[in-house]
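Chain by chain, the residues run as shown.
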Amino acid sequence: MCAQNVPTFAVPSYAPSSVHLPTSSAVNPLYGSVTVTPATATPIRLSLTDAVNRGLEHNLALVTQQQNQRVESGETRSAFNALMPGLTAQAQTGTQSIDIITFGIKPSVLAPLHLPPGFVLPTIVKSDYTSAQINLNQQLFNLPAIELYRAAKANIRVAALNTLNVRGNVVLLVSSAYLQTLAAAAQLQDEQALLRSDSTALDQAKDSHAAGVATNLDELRARVQYQTQDQAVVNAENTFAKDKIALNRMIGLAADQPVELIDAAPDADLTELPLDQAKQTAYQRRKDYLALLAQLRAAELDRKAAKYERVPYLSLGGYYGVIGATEGLYHGDFVAQGTLNVPVFHEARVRGDEEVADAQLNRLRAQIADLEVTIESQLRMSMLDVQATSQLVKVARSNVELAREELQDSTDRFTAGVDDNLPEVQAQAALANAQTQMVNALYQYNQAKLNLARNTGVVETQYQSYLGQ
């Protein structure tokens, strides 16, 4: 009799601190999909909106939740059926054999009838009979059934809100996977550019060594730097390929389907809402919060149903049909009766149902109170993340420019023979680190904006505006 909690699938973190996301649909259905489009040789041009739309169509968690919503709809129909007239029709035919002696019919009983002389009373009588009838049963007044039906309708709203909550999670995860893949692509491009620069530096070191203006140590340093950067390119290519596979998995594409990400990583500043306004929006738009309120309403109706089990209920039933010998005459046959059921002693069961309902109510009230505090905490942390990552992007961008200038100066000094190539190698490593930090900072900034939209309850409808697209 208690409101059922419809299962939901949680995103792994509201404020991830690393670039890489888990990809196992066995751990979390959000990372899986139910429809896989066969791979083609032609790359699919994929924008962020395209990826999100594919995820909403094929994501495993969302499809699963939609089936849970259908379950709640079916259970509501079942609860409504208890209030509807029950109408059935039946027909039967058969042969029966009766020992009339067992019914007390003996010759002495028939003597007053003055039967003809020589009449022998058969003790076994066989007869063929046929009957047909329509049966009706209707609950006229049943308060527990009415409240259970109302609770079932409330659970439909719970399931619908949980479905919307999963949709928001899908938008968040697919967007994050798309941004992560963009970050991996940017990292790969930076590593490839550094490899080309290292190749040029290695050629210069060889030429300088051959000309006698540089030592063998300079050439060895340049070669080690080139090979180290070559390893970085291989790792970046591997990361990029795996991120594309994870993205394909979430949106229903084959793992080997080539995709071309046509959107660039967003780099727009976000104008944040004041905290009070963000909290008000979250209380109105957060589907997990609204689902708990709907569950509380369903639990309150279940509590009423338990209390009303002490109330008498009235029903009407009966049937009308015909019955007679199979090859003979038929006559009407009917029963009509009203029934008043008065519970006399079911107190233990009723109190047990009330205790279960009260426990459900107390649990939901505690969860709602906790979530209200959690929402404020999540909003505060998301706003801090947005502010911090915005500053990190600015600092990282400045560091990249400074590292490039340092590398250029070091290269010029080595080329002019003023210094060896140790400062150049060090500057190259500093630039690689600065570019990596820039890619990560930009990804984290966009992720922080998405998390803020998620915590405010608007990620499904406003993720593009939060990213500045």
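The structure this text deals with has already been given above.
Per chain, residue numbering runs from 1 following the sequence as it is written. The model is predicted, so local features are restricted to residues of pLDDT at least 70 and side-chain atom pairs to those at 80 or more, both for listing and for counting; the totals for chains, interfaces and linings are taken over all residues. Hydrogens and waters are ignored; side-chain quantities use all the structure's heavy atoms.

**Focus on the overall build of the protein chain**
Assigned secondary structure in the protein chain consists of ten helices and six strands. Looking at the 469 residues of the protein chain, the share that counts as buried comes to 40%. Note on contacts: a residue pair is in contact if any heavy atoms of the two residues lie within 4.5 Å. For the protein chain, the proportion of contacts with a sequence separation of at least 24, taken over those separated by at least 6, is 85%. Areas reported as accessible are Shrake-Rupley estimates using a 1.4 Å probe. Residue values count occlusion only from the protein chains shown. Summed over its atoms, the accessible surface of the protein chain is roughly 24,800 Å², and 56% of this surface lies on carbon and sulfur atoms. Secondary structure elements are defined from DSSP: runs of H or I of at least 4 residues count as helices, runs of E of at least 2 residues count as strands, and each element is numbered from the N terminus. Relative accessibility thresholds used throughout: buried, under 20% of the residue-type maximum; exposed, over 50%; partly exposed, between the two (1.4 Å probe, protein chains only).

**Some details on the pattern of salt bridges**
What makes a salt bridge here is a side-chain nitrogen of Lys or Arg within 4 Å of a carboxyl oxygen of Asp or Glu, nothing more. Summed over the entire model, instances satisfying the criterion amount to 13 salt bridges. Across the salt bridge formed by glutamate 401 and arginine 404, the nearest N and O atoms sit 3.4 Å from each other. Linking glutamate 401 with arginine 404, this pair stays in helix H8 (residues 347-415), spanning three residues, or about one helical turn. Here glutamate 401 falls in the partly exposed class, since its relative accessible area comes to 40%. Residue classification places arginine 404 among the partly exposed positions, given a relative accessible area of 41%.

**Here's the deal with the pairing of strand S5 (residues 313-325)**
Between any two strands, pairing holds if DSSP finds at least two bridges. Two elements, strand S3 (residues 124-141) and S5, share twelve bridges in a ladder whose sense is antiparallel. The partner of glutamine 139 across the bridge, within S5, is serine 315.

**Section: the packing of aromatic side chains**
Any Phe, Tyr or Trp ring, taking Trp's six-membered ring, that has another such ring centre within 6.5 Å forms a pair; planes under 30 degrees apart are called stacked, those over 60 apart edge-to-face, and the others tilted. The full count for this structure, using the stated rule, is one aromatic pair. Plain terms: the ring middles of tyrosine 283 and tyrosine 289 are 5.4 Å apart, the flat faces sit at 40 degrees to each other, and that makes the pair tilted. When the ring centre of tyrosine 445 is taken as origin, the NZ or CZ atom of lysine 449, which lies over that ring, is 4.4 Å away. Two conditions define a charge sitting above a ring: the NZ of Lys or the CZ of Arg must be within 6 Å of the ring centre, and it must be within 35 degrees of the ring normal.

**Some thoughts on a negative patch on the surface**
There is a patch of like negative charges on the surface, built from Glu405, Glu406, Asp409 and Asp412. Structurally, the position occupied by aspartate 412 is in helix H8. Looking at aspartate 412, the relative accessible area reads 41%, which means it is partly exposed. Surface patches are defined over residues having more than 30% relative accessible area and no salt bridge, joining like charges when they lie within 9 Å and nonpolar side chains (Val, Leu, Ile, Met, Phe, Trp, Tyr) when within 5 Å. Within this scheme the basic residues Lys and Arg register as positive and the acidic residues Asp and Glu register as negative, but His and the chain ends are omitted. A charged residue contributes its charge at one atom only: NZ of Lys, CZ of Arg, CG of Asp or CD of Glu.

**Regarding the side chain of glutamate 191**
Relative to the helices and strands, glutamate 191 resides in helix H4 (residues 143-211). At 11 Å, arginine 196 is the nearest oppositely charged side chain to glutamate 191, a buried residue that forms no salt bridge. Whenever a nitrogen or oxygen atom comes within 3.5 Å of another N or O atom, the pair is scored as a polar contact, on the condition that within protein one atom can donate a hydrogen and the other can accept it, and that pairs from neighbouring residues in sequence are kept only if both atoms are in side chains. A polar contact of 2.7 Å, which involves the side chain of glutamate 191, links it to the side chain of glutamine 187. In contact with glutamate 191, not counting residues within four places along its chain, are Gln229, Ala232, Val233, Ala236 and Thr436.

**Section: the nonpolar core**
What is meant by a nonpolar core is a set of buried Ala, Val, Leu, Ile, Met, Phe, Trp, Tyr and Cys residues, joined one to another through side-chain atoms within 4.5 Å. If you look at the biggest cluster of nonpolar residues, it comprises 73 residues, and the most contacted ones within it are Leu46, Val174, Tyr178 and Leu247. If sequence neighbours within four positions are ignored, valine 174 has contacts with Ala51, Val52, Gly55, Leu247, Met250 and Ile251. Of all hydrophobic cores here, the second largest spans seven residues; its members include Ala184, Ala185, Leu195 and Ala236.

**With respect to helix H2 (residues 60-81)**
Relative to the 32 Å expected for 22 residues at 1.5 Å per residue, H2 spans 32 Å between its end C-alpha atoms, a close match to the ideal helical length. Listing the buried residues of H2 in full gives Ala61, Leu62, Gln65, Asn68, Glu72, Thr76 and Ala79. Along the axis of H2, the buried positions cluster into a sector of 115 degrees, meaning they face one direction only. Among the exposed residues of H2, those oriented more than 90 degrees off its buried face are Arg70, Arg77, Ser78 and Asn81. Residues of H2 that are buried make contact with helix H1 (48-58) and H4. Residue count minus one, scaled by 1.5 Å, sets the expected span of a helix. Comment: arc refers to directions from the helix axis out to C-beta atoms.

**Details of a nonpolar patch on the surface**
Together, Leu140, Phe141, Leu314, Leu316, Leu340, Val342, Val344 and Phe345 make up an exposed nonpolar region whose accessible area comes to about 830 Å². In this fold, leucine 316 is placed in strand S5.

**Focus: the sheet that holds S3**
Taken in spatial order, the four strands make up an open sheet running S2-S3-S5-S6, and their pairing is antiparallel. Each of the sheet's edge strands pairs with one partner strand only, and the pair in question is strand S2 (86-99) and strand S6 (330-341). Averaged over all pairs of adjacent strands, the angle between their axes in this sheet comes to 20 degrees, without regard to strand direction. Angular values range over 0 to 180 degrees, each being the angle between N-to-C directions of two axes fitted as lines to C-alpha atoms, with helices fitted over their stretch in contact.

**Focus on the packing of H2 against H4**
Working note: a packed helix pair is described by the angle between its axes plus the distance between those axes. Put simply, H2 and H4 touch, their axes get as near as 9 Å, and they point 170 degrees apart. What the angle tells us is that H2 and H4 run roughly antiparallel. When residues are grouped by polarity, Ala, Val, Leu, Ile, Met, Phe, Trp, Tyr, Cys and Pro land in nonpolar, Asp, Glu, Lys and Arg in charged, and all others, Gly among them, in polar. Taken together, the residues that form the contact of H2 with H4 break down as twelve nonpolar, eight polar and three charged. Angle categories are assigned with fixed cut-offs, so that under 35 degrees is roughly parallel, over 145 is roughly antiparallel, 65 to 115 is roughly perpendicular, and the rest are oblique.

**Observations regarding the side chain of threonine 389**
Note on placement: threonine 389 falls in helix H8. Looking at threonine 389, the relative accessible area reads 8%, which means it is buried.

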